[in-house]
Amino acid sequence: MRSLLSNCFLVAMAATMRMTSVATFSGKAPHMTFASKLSKSKDVSAVVSAPFPARSAVASATSTSTIQPGSKLPWVDLHWGFNPLTKITLPTHCAGRNVLILGVPGAFLEDSTQMIHSYKAYSNQIQQMGVDEVIVTAVNDAAVMGIWQQKIDTQGTILQFLADPLGELPLEFGTQASDHPSLGLFGRSKPFVVCVENCVIQHVVVAEDASDMAQLLAPAVMEVIQQKQQEQRTMASNPQRMAP
């Protein structure tokens, strides 16, 4: 009953937002807020100039794509705001930047909210490590994602919520979750964290069940970033180690 009432509440909030003539989301559009702010960290990898993968016209429900380190970001449009709606093309938005992409099963869900709060709490430290933006995405529409971002109150952080209403990203990443009709969850994604440098995926964690969730929280991901930065410093100071 609680899940049913929660879903009805989300639908009502989204409907209210759609009837509003002016968008009321906090902050500026993602491109305006972050696009010109590139990391100055010495640990950032060199720019990668490989071409983006071709974009399919429609994501296929039978997609077998899987996400792996070294892969390029898929050509997917995410949504921000309402009236007007802004489409954010993921590779264009992430070009030349260090970004964390957090995928969650749905807005307002308890586990999803807990995961995002960990990144809110460590936002300043993550930014100091050279990360330009933390993108939070779910298979919800932009109205619901905007209300959720307001509820969490991400002002003053590097968190930005972007909607994936068609569920393209889970299909491209291969992170589709099983449907849960009793909870009203269809076509959703398993929780995941993807570390991206200039559109190239550097690190991936996908939670297959609740026991994996700790690996997706901010402290665990920050530890991975620190390890990779240390490896880069070691290689830079000992170029002979890079020789075959």
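The structure reproduced in this document is the subject of the present report. (Residues numbered from 1 in each chain as written. Predicted model: local features only at pLDDT ≥ 70, side-chain atom pairs only at ≥ 80, totals over all residues. Heavy atoms only, no water.)

**Quick word on the side chain of Glu 133**
Point 1. On the secondary structure map, Glu 133 appears in strand 4 (residues 133–138).
Point 2. Given a relative accessible area of 0%, Glu 133 falls into the buried group.
Point 3. In terms of polar contacts, Glu 133 uses its side chain to reach the side chain of His 93, at 2.7 Å. (Helix = DSSP H or I, 4+ residues; strand = E, 2+ residues; numbered from the N terminus. Buried < 20%, exposed > 50% of the residue type's maximum accessible area, 1.4 Å probe, protein only. Polar contact = N/O pair within 3.5 Å; in protein donor to acceptor, adjacent residues only side chain to side chain.)

**Here we look at the environment of Asn 238**
Point 1. Mapped onto the elements, Asn 238 comes out in the segment after helix 8 (218–237).
Point 2. Accessibility expressed as a relative area gives 30% for Asn 238, which makes it partly exposed.
Point 3. A polar atom in the side chain of Asn 238 sits 3.0 Å from the side chain of Ser 237.

**Details of the packing of aromatic side chains**
Point 1. Within the structure shown, the criterion is met by 3 aromatic pairs.
Point 2. Plain terms: the ring middles of Phe 108 and Trp 148 are 6.2 Å apart, the flat faces sit at 40° to each other, and that makes the pair tilted. Here Trp 148 lies in helix 6 (residues 142–152) and Phe 108 lies in the loop between strand 3 (98–103) and helix 4 (110–121), a separation of 40 residues in the sequence.
Point 3. Taking relative accessible area as the criterion, Trp 148 reaches 1% and is therefore assigned buried. (Phe/Tyr/Trp six-rings, centres within 6.5 Å; stacked < 30°, edge-to-face > 60°.)

**Brief notes about the pairing of strand 3**
When a strand is regular, its side chains alternate between the sheet's two faces.
Point 1. Burial analysis of strand 3 places 6 of its 6 residues in the buried class, which makes it a mostly covered element.
Point 2. Here strand 3 shows a buried face lined by Asn 98, Leu 100 and Leu 102 and a second buried face lined by Val 99, Ile 101 and Gly 103.
Point 3. As defined by bridge partners, strand 3 adjoins strand 6 (residues 192–197) across 6 bridges and the pair is classed as antiparallel. Bridge pairing in strand 6 links Val 99 to Val 196.
Point 4. In this structure, strand 3 lies alongside strand 4, joined through 5 bridges in parallel fashion. In the sheet register, Val 99 faces strand 4, and the bridge partner there is Glu 133. (Pairing = 2+ DSSP bridges.)

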